[in-house]
Amino acid sequence: MTVNVLMPALSPTMEQGKLAKWLKAEGDHIKAGDVLAEIETDKATMEVEAVDEGVLARILVPGGAENVAVNTPIAVIADEGEEVPAAPPSGERPPPAAPTQEPLGEEGKAQRQADVAAATPQPKETSIAPPPQVSAEPEVPAGTLMISMTMREALRDAMAEEMRRNPNVFILGEEVAEYQGAYKVTQGLLQEFGERRVVDAPITEYGFAGLGVGAAFAGLRPIVEFMTFNFAMQAIDHIVNSAAKTLYMSGGQINCPIVFRGPNGAASRVAAQHSQDYAAWYSQIPGLKVIAPSNASDAKGLLKAAIRDNNPVIFLENEILYGKSYEVPSLENFVIPIGKARIAREGDDVTLVSFSIGVDHALAAAEVLAKESIEAEVIDLRTLRPMDVPAIIASVKKTGRCVSIEEGWPQSGVGSEIAAKVQEEAFDYLDAPVLRVTGKDVPMPYAANLEKLALPSVDEIVAAAKAVLYR
Amino acid sequence: MAGPTDLQSDIILKAADFTREQELAAYRDMLLIRRFEEKAGQMYGMGLIGGFCHLYIGQEAVVVGVRMAARPTDQFVTSYRDHGHMLACGMEPKGVMAELCGRRSGYSKGKGGSMHMFSREKNFFGGHGIVGAPAPIGAGIAFANCYRENDSVSLTFFGDGAANQGQVYETFNMAELWRLPVVFIVENNRYAMGTSVTRSSAQVDFSKRGVAFNIPGLQVDGMDVRAVKAAADIAIDWCRKGNGPYLLEMQTYRYRGHSMSDPAKYRSKEEVQRMREEHDPIEQVRVRLLADGKTSEQELKSIDAEVRKMIAEAADYATNDREPEPSELWTDVLA
């Protein structure tokens, strides 16, 4: 049996090259791995190695030949003692073309590309996967006993309940155990669950994020606490490259049930490196879910959902809200579905869309506006990915006006996404451009007055709402 | 510290005499990887494999020797020079080759490619494209073993280049602190892409890279599958007994460039030729088998033929398999 040696491609873009010289001559015995020839491209000189054993029976393209197309037969290797005709053996199977079974002309290639484009499934309306369907049943049944607790306590209870429910859930992070949490969110958990399940990590965000991902690949359900999301910047490689992408890269084999949680955004007077809002960053990544609750009840129900979810979930908390008290339903199994927004206040005149602490600002602005007989509807997104776009659109179709509020920077922010969605899906209903109230486009300053100026204010939201109402 | 860091290599080798069956198994498994990689290189040249393709040719003894020392329940994780690890873990050459070709029957349905393949069934956890990332991921798998008290060991591979990444040392610290059952295996093939170890590393003895964390280490002739197996036996036993992590530096060599498009001008042809002629891991086994009269040329030829047939079938399977359905674009984003 004879085997054709083909002109190899040495990079994904190479189409032809120079066959610089032959290092073997006709009649030479060849072992697998022997260097047969040298090939030159515009970038480099490369060696062609033999894959098969035998005798170099024919050289079909002489040394020094220029512009030899990739996949051209350049030599024939035969078994010992085999007769080889002068021309390349006609019975030899042609080399298989890369993705298709038959060679295509230029026209055929163009047609095929068009076919592929036509066959590519497009999710309805946009290139972003639609949010999941969630039930319309009320999250809290009428008559449920409500108890007052802080955001901090609600988060702790959510974790404790899920740890009691599933022995594979554990907490890993800096100061989560002995210290009881840098912000006391994990208070009492070490005492209840022990050091096996409440693990103090060294100050090593990249390392323990990656370690958590490995444990999740192996089937555990880690809750990784970042002391703040500012420090998770060191770990974002594992969050994005390892946690978010592996299910896809493994063809659905390896999922990563992990929660990364901690305070996000500005606290108070901690300046530029400790005050960043990462909502927009994480909400851009397919493979992640991103949650940013505005109150203790949502925080509890959503953190429980996040811990039960089979995907990596980014859970963005807010330090300023930790100590605030809210009514939380006293329910055995209180889980809020991920991906469902909440109407925090109803109104017909303008839609204010926000999340996390921004909802407080929006509600305060709505109070001010109400005194001027403007009824604002406040939508608390709760989940940023998948985003409950239908809830925003339904409200905008009612009000015709929309303002987004976030602490993050304006460029490519969550508000930018909201504005894009609203103009895509409710353009004909808009009576004014969508406006964004955001953090200012500067690193967070330290001085009290400057920090206040850098963050979105109630006054700015009121002004934006009036602007879209032309008042 | 009780780590057996002072073991001499001849003691290891003495402990590592292979039976005829072990020699033959090592020969076959290494040959399978060699032939697979040669075929992959050829298919890359034909445009059937795209993107980055990092071949394992020359390093076969490392993963084969470690696999021989491990149990099927132990987990393997490595970086992007991963084809050999998958084959050693018992993954099907057909599925690996189909993935390299971006076809639907590949291990990742054609969505991962050369650098991103996994098999939960075979306890192979990737296949990771970011240099250094396997270290904490492998330690995390070991953490899960510890948590479940299942006595499995995580075999975590990375290269001499990755050994200079900060996350590796973050991981060393946690692994020793929590006594995680993980063997860190540095495949020192002397070049981090085109930068030689001496040009990139202040401490070129990678077995000492764990000293600051009290992790015992051994420097091993990674071209001798018996030495690899013996060292892995020691390391795995250390981990399995609950002593914490272990570090193995496997001194090895890749014959090919870093990836397919690397002309390898940073080293001499003579250096490559010398390694191939004097240290080839497969040839060493072959010579021993024949010299000891443990086998005949005929028997080795029949193994060669069997391996060639498997590889030819894998290549045929991959080239005739179809590309993924366009609808696969949208699957496996979320679980």
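Caption draft 1: Summary view of the overall build of chain B. Scanning chain B for helices and strands turns up 12 helices and eight strands. The C-alpha radius of gyration of chain B comes to 19 Å, within 12% of the 20 Å expected for a compact globule of 335 residues. Its C-alpha atoms put chain B at 55 × 55 × 40 Å along the principal axes. Counting every position in chain B, which comprises 335 residues, the buried fraction comes to 60%. Partitioning the contacts of chain B with sequence separation of at least 6, the portion at a separation of at least 24 is 76%.

Caption draft 2: Looking closely at the interface of chain B and chain A. Contacts between the two partners involve 51 residues from chain B and, on the opposite side, 57 residues from chain A. Of all elements in the fold, only α2 (20-45), α6 (134-148) and α7 (166-177) of chain B reach the threshold of two or more residues within the side of chain B that touches chain A. Counting residues per element, the side of chain B that touches chain A draws most heavily on α6 of chain B, which supplies nine residues. Of the residues contributing to the side of chain B that touches chain A, the split by class is 24 nonpolar, 19 polar and eight charged.

Caption draft 3: Broad picture of the environment of G293 of chain B. All names here are of chain B. Following the sequence through the fold, G293 ends up in the loop between α11 (281-291) and α12 (297-320). You can call G293 exposed: it has 8 C-beta atoms within 10 Å. In this structure, the C-alpha to C-alpha distance between G293 and R35, residues 258 residues apart in sequence, is 25 Å.

Caption draft 4: Geometry of the sheet that holds strand β6 (residues 54-59) of chain A. Residue and element names in this part refer to chain A. Read from one edge of the open sheet, four strands run β1-β8-β6-β3, paired in antiparallel fashion. Both outer strands of the open sheet, β1 (3-6) and β3 (29-30), are each paired with one neighbouring strand and no more. As judged from the two bridges shared by β3 and β6, these two strands associate in the antiparallel manner. Bridging from a neighbouring strand, I30 pairs with G54 of β6.

Caption draft 5: Quick peek at the sheet that holds strand β7 (residues 217-221) of chain B. Residue and element names in this part refer to chain B. In spatial order, the strands read β2-β1-β3-β4-β8-β7; together these six strands make up an open sheet with parallel pairing. The open sheet is flanked by β2 (124-127) and β7, the only strands paired with a single partner. Strand-to-strand twist of the sheet, defined as the mean angle between neighbouring strand axes without regard to direction, takes the value 20°. As judged from the two bridges shared by strand β1 (residues 75-78) and β2, these two strands associate in the parallel manner. Within β2, the position partnered with T78 by the bridge is G127. Of the strands in this sheet, β1, β2, β3 (154-159) and β4 (182-188) touch α6, which is tilted by about 175° from β3.

Caption draft 6: Structural view of the packing of helix α2 (residues 151-165) of chain A against helix α8 (residues 296-308) of chain A. Residue and element names in this part refer to chain A. Their axes nearest at 8 Å, the elements α2 and α8 cross at an angle of 25°. Considering their axes alone, α2 and α8 lie roughly parallel with respect to each other. As for the relative orientation of α2 and α8, their crossing is right-handed in sense. Each of M151, A154, L155, D157, A158, M159, E161 and E162 in α2 lies in contact with α8, whose residues at this interface are A296, A299, K300, L303, K304 and I307.

Caption draft 7: Seen up close, the domain arrangement of chain A. Segmentation of chain A into domains returns domain 1 (3-78), domain 2 (147-329) and domain 3 (342-468). The centre of domain 1 of chain A, based on its C-alpha atoms, is set 64 Å off from the matching centre of domain 3 of chain A.

Caption draft 8: Inspection of the nonpolar core at higher detail. Grouped together as the largest cluster of nonpolar side chains are 233 residues, with contacts concentrated most on L352, V403 and A465 of chain A together with V183 and L248 of chain B. The residues touching L248 of chain B, leaving out its near neighbours within four places in the chain, are V183, I185, V186, G217, L218, V220, A231, A232 and A235 of chain B.

Caption draft 9: Representation of the pairing of strand β8 (residues 73-78) of chain A in the model. Residue and element names in this part refer to chain A. Judged from the four bridges that link them, β1 and β8 form a sheet pairing that is antiparallel. Bridge pairing links N4 to V76 in β8. Where β6 lies against β8, four bridges are found, and the strand directions are antiparallel. Opposite R58, over in β8, you have V76 as the bridge partner.

About the thresholds
Residues numbered from 1 in each chain as written. Chains lettered and ligands numbered in written order. Predicted model: local features only at pLDDT ≥ 70, side-chain atom pairs only at ≥ 80, totals over all residues. Helix = DSSP H or I, 4+ residues; strand = E, 2+ residues; numbered from the N terminus. Rg over C-alpha atoms; globule rule 2.2 N^0.38 Å. Buried ≥ 20, exposed ≤ 12 C-beta atoms within 10 Å, placed from the backbone. Contact = placed C-beta atoms within 7 Å. Nonpolar A, V, L, I, M, F, W, Y, C, P; charged D, E, K, R; others polar. Pairing = 2+ DSSP bridges. Axes fitted to C-alpha atoms, helices over the stretch in contact; angles between N-to-C directions. Parallel < 35°, antiparallel > 145°, perpendicular 65-115°, else oblique. Left-handed = near helix turned anticlockwise from the far one by under 90°. Domains from an automatic or database assignment. Core = buried A, V, L, I, M, F, W, Y, C linked by C-beta atoms within 7 Å.

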